[in-house]
Amino acid sequence: MERTLVLIKPDAVQRGLIGNILNRFERKGLKVVGLKLMELSDEILDDHYSHLSDKPFFPRIKLFMRSTPVIAICLEGFEVVDTVRTLCGITNSREAASGTIRGDLGMSIQCNLVHASDSIETAEVEVPRFFAADELTDYESVTDTVIYASDER
Ligand code: ADP
């Protein structure tokens, strides 16, 4: 089953929105298979945001992402990568659709509450970047046995 990485960013931690955001993933029917509070190092952020290293705001994002611990979450589900990106909304929170995390809760580009892997290939790199193998679990959920089973594929 597909897995993806989500980070609840420092602005959401500061604003007391951890539960609100986690609840949105749970009520959607996604399975939490990894969850922890984590202080990010410079090294992990250099890797994680390497695609933005030439941007003027790169040093600011790194400072921001180190300003509090973040919540790292590994979610599992059928087509979970795209589903979670849809739930998060586009990068600029001010323009993100209502009903999404960024659209409902944010007013900033940088402080946009969450990170979510943008493709299956990225998720396959990002999940092990933030979780050791023994920090990820596997269990059968009602979504696996009943909900997914009802769809024709
Ligand atoms: P996304 O997180 O939506 O996949 P990107 O990978 O393009 O977006 O950017 C990573 C993060 O860098 C964003 O989530 C946001 O926190 C920050 N960021 C992107 N663009 C800007 C910008 N123009 N100014 C400040 N921060 C930005």
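Below or above, wherever it landed, is the structure these notes cover. (Residues numbered from 1 in each chain as written. Predicted model: local features only at pLDDT ≥ 70, side-chain atom pairs only at ≥ 80, totals over all residues. Heavy atoms only, no water.)

1. Digging into the environment of Asp-104
Among the secondary structure elements, Asp-104 is positioned in helix H6 (residues 101–105). Residue class for Asp-104 comes out partly exposed when judged on its relative accessible area of 39%. A sequence separation of 22 residues divides Asp-104 from Asp-82, and the C-alpha atoms of the two residues are 19 Å apart. (Helix = DSSP H or I, 4+ residues; strand = E, 2+ residues; numbered from the N terminus. Buried < 20%, exposed > 50% of the residue type's maximum accessible area, 1.4 Å probe, protein only.)

2. What to know about helix H2 (residues 18–28)
By the burial criterion, the buried members of H2 are Ile-21, Leu-22, Arg-24 and Phe-25. Down the axis of H2, the buried side of the element spans an arc of 150°, and every buried residue falls inside it. Positive backbone phi, at 105°, marks Gly-29, one or two positions downstream of H2. (Arc of directions from axis to C-beta.)

3. Looking at the packing of H2 against helix H5 (residues 80–88)
Following both chains from N to C, one finds H2 and H5 inclined at 135°, their axes separated by 11 Å at the closest point. Between H2 and H5, the crossing angle belongs to the class labelled oblique. Both H2 and H5 take part in a crossing whose hand is right-handed. Of H5, the residues touching H2 (which contributes Arg-24, Phe-25 and Lys-28) are Thr-83, Val-84, Leu-87 and Cys-88. Class assignment for the residues of the contact of H2 with H5 results in four nonpolar, one polar and two charged. (Axes fitted to C-alpha atoms, helices over the stretch in contact; angles between N-to-C directions. Parallel < 35°, antiparallel > 145°, perpendicular 65-115°, else oblique. Left-handed = near helix turned anticlockwise from the far one by under 90°. Contact = heavy atoms within 4.5 Å. Nonpolar A, V, L, I, M, F, W, Y, C, P; charged D, E, K, R; others polar.)

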